[in-house]
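Architecture at a glance
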Amino acid sequence: MYTPVICFCFSETPLWLQRRNVTFVIPKTEDGKKRVLEQSQLLDVLEARIHQLQSDVILDVQHAKVQFVTAQSSGREFLSGKGPKRKPQEKTDIPKSAPIVLKSKQKLSEDNTGKLRKQQIVSEKPTEKMKQKVQKKKLKEPLKKVLSEAGKKQRVTDESKELENIVKQRIIKKSKSKHCEGTVPEDIMLNIRCYMECCVFAGKIERAYRFLLMQHRTIARRKHLNTDIYNIMMKVWAKKGSLTKIGHLFVLLEELGLKPNVGSYSAVLECMGRSPDCSPEIVTRCLNQMEKNGVSVDDVFSQCVFQQDEGDMVLKAVRSVQPDYQPHFNLIKNEYFSPLVKDFYAQKGDYQYPKLDLTQKELQERFKRQLSIEQACTVTIDSVEISKPVTAKIIKMRRHLENQWAKWHKILLQALRESRMNLAQNKDDRFSLYPYLCLLKDEEYVDVMIQTIAKMPMSGDALKFVAGELGQKIYSKYTVHQKQQNHITDKLVNIYNDYTELLAKDTKVYNDLPRERWCKLEMENIAGPTVQAGSTNWPYIITLELGTFLVNIMVKNLKINSDIINPSHTRQLIPILYHMYAFRSTRQIGFIKPHPILSHIQQEAMQIKLTFDSNVIPMLCPPVPWCSVKFGAYLLTPTKLMRAMEGATQHEKLLEKSQNIQPVLDSLNQLGNCPWKINKPVLDIIISIFNDRGCDKLDIPPPLSEAPKVTYSFDPTHTSADKVRLRKEMIEAKKKTTEMHSMRMDALYKLSIANHLRDEIFWFPHNMDFRGRTYPCPPYLNHLGSDVTRAILQFAEGKPLGPKGLDWLKIHLVNLTGLKKNSSLQGRLEYATTIMEDILDSADNPLHGGKWWMDVDEPWQALACCMEIANAVRSPDPTQFISHFPVHQDGSCNGLQHYAALGRDVIGATSVNLVPCELPQDVYSVVAQQVEELRALDAKKNVKIAKILEGFINRKVVKQTVMTVVYGVTRYGGRLQIAKRLKEIDVFPKEHVWSASNYLVHLVFSGLKEMFKGTRQIQDWLTESARFISKSGHTVEWMTPLGLPIIQPYHQTRSQVVSLLVRHVMPDTVKQKNAFPPNFIHSLDSTHMMLTALHCYSADLTFVSVHDCFWTHALTVDTMNKVCREQFVALHSQPILQELSNFLLNKYCSSPPLHVLAFQLSTILEVLSKFYSSSVITLQKKHCVVKH
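Residues numbered from 1 in each chain as written. Predicted model: local features only at pLDDT ≥ 70, side-chain atom pairs only at ≥ 80, totals over all residues. Heavy atoms only, no water.

In the annotation of an unreviewed UniProt entry, the protein chain is listed under the name DNA-directed RNA polymerase and assigned to Dicentrarchus labrax. In its Subcellular location (unreviewed entry) section, the UniProt record describing the protein chain reads: "Mitochondrion". Listed in UniProt under the heading Catalytic activity (unreviewed entry), the comment for the protein chain reads: "RNA(n) + a ribonucleoside 5'-triphosphate = RNA(n+1) + diphosphate". (UniProt positions renumbered as here; feature names shortened; annotations may be inferred.)

Structure follows, in structure tokens:
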């Protein structure tokens, strides 16, 4: 969910009291009035529509009595500090500690009052005077019109009744759910739960209990409570053996009309198990009460999350009356609804999970190393810049920096303690940051702040980003400590040691998938805590506010001597961080920027050590398999299964409700279990160039010493034009310097991590985005990176080349050059033979030879491939040469392949290799040729721009636009892409770039429209469907063929308050409709990749992917291609569009919202029921999805 930018001003007042010092994007007064008016007009429209339908009928249709209820607030009550009207003796609903915009209170109050007044007017019955006017109008109508309208009476009557029924049903439904627990803003419940859990973890039990009682006693706040919140305190009292206090909480639940759930009875049984004086009769009464309420003991063990010895105590209590009781767990059965994976799981017993080339002891040792890294939460490694000579200046700057770090550490430590002490004095037991500042040791908070300063770019970062990252780091550390405190780490060690039997080469063979094996091991080890137990995910607003609090401390307290670099007589202390504002479009964004003195010292010091969070470094052992939506990947570090925009939570709720996403989890586990290693010869060459002066041609960023140095100097002789030119040059120089620094640091991080792992085997745990596209979790070094990072990665396990492996290496090298795009595989192989001399020279003398590899599209990957080919051809038997090199098979404009298959478009399918051809087709070259033909015709007609473009139209100019048209690029976006390509051509006249790009984008779009008619029709249907859905107030949601729920997180920007409360937004219609076609295709592309991953597992071959680019060993390329084709055909043999249409109809038309009128509903039904369908071509497994 998109969150508007938030800017903060800092002062000496603590953040949580800085209500007047917090600036937000607040809607103008007129905007507020407009929204209130629109909401009231909505009810006017409903009433008017009923009158219109009834007045058009000659027959006397009795007026249906429609009652309008007051529309529920969209969260604004919580934002403004207002709630429902209360009695004078009730306490305020909003905590004083929450930062709110007080200036907006009066305005929002007026708006709400006006809104209620409007609704009251609308809900009144039509006056007698109005009825008389309507009757007079009807009597004056000509007889001809009356007779013509009489024929429509039945239709209008039915439509009127339908509308009235819809309105009544929606009103009844809303009134019934008004006080239901599920309708209460879940964000507020989550905030309360996180607050109480933090209080309990920090040992602030009384604070948590007083806070709960405060919420309970205030009538207006009770709606924010549910049974799980009371269970937090029940578990506390259970550990203390206080059954009386638990009974009191049961009484409180009854007062609210809430019922105890499984967690409540678990706490009661735990308390009984801890109490030596608890009689069996009491336990029996409890079990009888559970049975009466439909809760079994097995439910307690299967649904509850246990910490420490909670489960053991529950079992002890049960066995006091049922000595032979043994918990029964229902293993998840592989009963999947999708026919795409039914056969795979049915035949799973015939497969054997591939073993790693490591013994069980080696895997267990690697697990211990990874566990120690994650327990420390950070990793410190050597920088690759240490190889540079150390000068006296560097030593001096390092000494300065070391002294300052030590000094600032002490200052921050004292400031943190003072700030927390001020918070502790707040005795009103309401929301505050105090418990969140008691979760870790003081030194840990300070270390996180110091690391943030050390890694801050010289250009600064958005305050929202810095604060959010700080808060997330605190949450990660808290989660790790919580798992250690609850003894989850100890149990994890036992289960993982047993889990290695599945992967080790010296153990017996299993036919279980990693997920299945892990779940079985958990059920076999029921004693102790639940391994999948973790802390509740903090809402984004909490991490943001906590991070902002820490940023405030840094800005106010950290200072440096102004003459630390050049001593002078005018010494003064200046802040090392300062807060500034910048405009992005019409928004004012807050930035935190380091002082130039600090940036200068850091650059000159050239630090020999780099510190990273533990989840930034690839894992030293196989990842924990994804077993549920909340558990998998790293050992201790929290990781989300699905990435999303900041603050978006809808996808998490959908995932938790999903019942059949096991194939998705298994495919992620398959990708994450591939071991990697570093290509050391290529890495050493890259580091040598990096430590020299870099090389822009080879994508190695140069150091800042190579940055342009332009300073603005005042000269009285300068004219106004000279001053403007100098200022422009200075701005461009600063921009270039900032970009160079950013790219240099990014390369430094990647190369330093690779150098740190040069002798290791490592793994990339995977997760996915909201569309289902998979990504490695480590952000810097991974195979989704640039040409440089891909070149330094190899499979850790090698396989012999076999009879065709060397040929595939040669073909892969030709593909990396960007040449021979239209040649057959045999033609590419023959070309590789002709350049064998260049290949061997590049491998032997990469920096001092002919340097052929430097002039190709992907130079570093080409160099790595040259070295592999050289080693293979010089081996005694190339077929037995053990190769670790990954060979890529890339899709032919994969998005257009899916569209062509969906629409059975024969022309489009031919251009993207879905039908057999003598030579592989290249859609980019076809479009470029078509555009060139159209240009030539225009040139003959003396079109000026067509003549200028002669000789400049090629595949590279149109490729990006053709590729992204399928993903929703607009004509304007395509124009920018073509303009960028034209600017890269040195001899093209720059003054004609804009007009030429405008001309070309028109030709490209026209050509694609003719080639892919079915594609355009499907895109139009998807766009129109999304428009109607979002207009009705919903976000677009669908289900992939593998059962993965997808929801688009695009919402309108609204005013918001940075507090621990809730905000409400509406879907952004423009973004929803424009993004639906590309996102739907992305989800299909991801589904195809996951199906391929699962079946490659069954074929016992190594498989990883970069979206639509699949990697494997040279030996198994043919097998992977066969699997890829078969799964593409299987996917598109399903009625994908029909199933999508049915899903949308069921989701959005079975229970339309109140403001959707009957005639709108019929239009939506008509649009969603339509989908493009044709059967022009028939997919065949033997030739579709040609990879190249």
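More follows now that the structure is in view.
The next thing to look at is the UniProt feature "repeat: PPR" (unreviewed entry) in the protein chain. As recorded in UniProt, the feature "repeat: PPR" (unreviewed entry) lies at residues 226-260. For the annotated span residues 226-260, helix accounts for 74% and strand for 0% of the residues, and the straight-line distance between the end C-alpha atoms is 10 Å. (Helix = DSSP H or I, 4+ residues; strand = E, 2+ residues; numbered from the N terminus.)

With that settled, consider the sheet that holds strand 7 (residues 577-584). Whenever strands of a sheet pair, they do so through backbone hydrogen bonds, lying parallel or antiparallel. With antiparallel pairing, three strands are arranged side by side in an open sheet as 4-8-7. Because the sheet does not close on itself, it has two edges, and the strands there are strand 4 (461-462) and strand 7. When strand 4 meets strand 8 (residues 587-594), the two strands line up antiparallel, connected through two bridges. Within strand 8, the residue paired with aspartate 461 across the bridge is isoleucine 592. (Pairing = 2+ DSSP bridges.)

Let's shift gears to the layout of surface pockets. Space inside the second largest pocket adds up to approximately 1700 Å³. Elements that contribute at least two residues to the lining of the second largest pocket include exactly helix 28 (787-791), helix 29 (802-817), strand 19 (887-890), helix 33 (894-903), helix 37 (955-965) and helix 38 (971-983). Of the residues forming the lining of the second largest pocket, the biggest block, five residues, is contributed by helix 37. (1 Å grid on protein atoms, 1.4 Å probe; cavity = no way out; pocket = protein on both sides within 12 Å on 5 of 7 lines; lining within 4 Å. Points joined across faces, edges and corners; volume = space filled by probe spheres on them.)

Within the largest apolar cluster, 128 residues are counted, with the highest numbers of intra-cluster contacts made by Trp518, Leu635, Val923, Leu982 and Phe1080. In terms of residue count, the dominant contributor to this core is helix 41 (residues 1069-1098) (12 residues). Discounting residues that sit within four places of it in the chain, leucine 635 has contacts with Phe367, Gln370, Leu371, Glu374, Lys483, Leu492, Tyr496, Met619, Cys621 and Val624. (Core = buried A, V, L, I, M, F, W, Y, C linked by side-chain atoms within 4.5 Å. Buried < 20%, exposed > 50% of the residue type's maximum accessible area, 1.4 Å probe, protein only. Contact = heavy atoms within 4.5 Å.)

Two faces, one strand: in a regular strand the side chains alternate between the faces of the sheet. Where strand 7 lies against strand 8, eight bridges are found, and the strand directions are antiparallel. Residue pairing in the sheet places methionine 580 in a bridge with phenylalanine 591 of strand 8.

The next thing to look at is the packing of helix 8 (residues 205-217) against helix 9 (residues 227-239). For any two helices packed against each other, one specifies the inter-axial angle together with the distance between the axes. Helix 9 packs onto helix 8 with a crossing angle of 145° between their chain directions and a minimal axis gap of 11 Å. The element helix 8 and its partner helix 9 pack so that their crossing is left-handed. Taking contact as the criterion, the partners of Ile205, Ala208, Tyr209, Leu212 and His216 in helix 8 are, on helix 9, Ile229, Tyr230, Met233, Val236 and Trp237. Of the residues that constitute the contact of helix 8 with helix 9, the class distribution is nine nonpolar, one polar and no charged. (Axes fitted to C-alpha atoms, helices over the stretch in contact; angles between N-to-C directions. Left-handed = near helix turned anticlockwise from the far one by under 90°. Nonpolar A, V, L, I, M, F, W, Y, C, P; charged D, E, K, R; others polar.)

Moving on: the sheet that holds strand 22 (residues 1104-1106). An order of 19-23-22 is seen for the three strands of this open sheet, with the pairing classed as antiparallel. On the outer flanks of this sheet lie strand 19 and strand 22, each paired with one strand and no other. Mean inter-strand twist for the sheet, computed between neighbouring axes without regard to direction, equals 25°. In terms of strand pairing, strand 22 meets strand 23 (residues 1109-1112) through three bridges, oriented antiparallel. The partner of valine 1106 across the bridge, within strand 23, is cysteine 1109.

One pass over the full model with this rule turns up 35 aromatic pairs. Look at tyrosine 496 and tryptophan 518: their rings are 6.2 Å apart centre to centre, the planes differ by 70°, and that puts the pair in the edge-to-face class. You can see tyrosine 496 sitting in helix 20 (residues 488-503) and its partner tryptophan 518 sitting in helix 21 (residues 514-524), a full 22 residues away along the chain. Their ring planes at 85° and their centres at 6.1 Å tell us that phenylalanine 770 and tyrosine 1050 sit as a pair that is edge-to-face. Of this pair, phenylalanine 770 sits in the loop between strand 14 (766-768) and strand 15 (774-776) while tyrosine 1050 sits in the loop between strand 21 (1045-1047) and helix 41; the two residues are 280 residues apart in sequence, bridging distant segments of the chain. Residue class for phenylalanine 770 comes out buried when judged on its relative accessible area of 10%. By the ring-pair criterion, three or more aromatic residues cluster together here, those being Tyr195, Phe201, Phe211, Phe431, Tyr436, Tyr475, Tyr478 and Trp538. A cation over an aromatic ring shows up here: lysine 245 above the ring of tryptophan 237, its NZ or CZ 4.2 Å from the ring centre. We note arginine 771 situated over the ring of phenylalanine 770; from NZ or CZ to the ring centre the distance is 5.6 Å. (Phe/Tyr/Trp six-rings, centres within 6.5 Å; stacked < 30°, edge-to-face > 60°. Lys NZ or Arg CZ within 6 Å of the ring centre and 35° of its normal.)

Compared with the 18 Å implied by 1.5 Å per residue over 13 residues, the 18 Å span of helix 8 between its first and last C-alpha is a close match. Among the 13 residues of helix 8, 10 are classified as buried, and the element is accordingly described as predominantly covered. Ile205, Arg207, Ala208, Tyr209, Phe211, Leu212, Leu213, Met214, Gln215 and His216 are the residues of helix 8 that are buried. Of the surrounding secondary structure, the elements contacted by the buried residues of helix 8 are helix 7 (186-201), helix 9, helix 10 (243-255) and helix 17 (392-424). (Expected span 1.5 Å × (residues − 1).)

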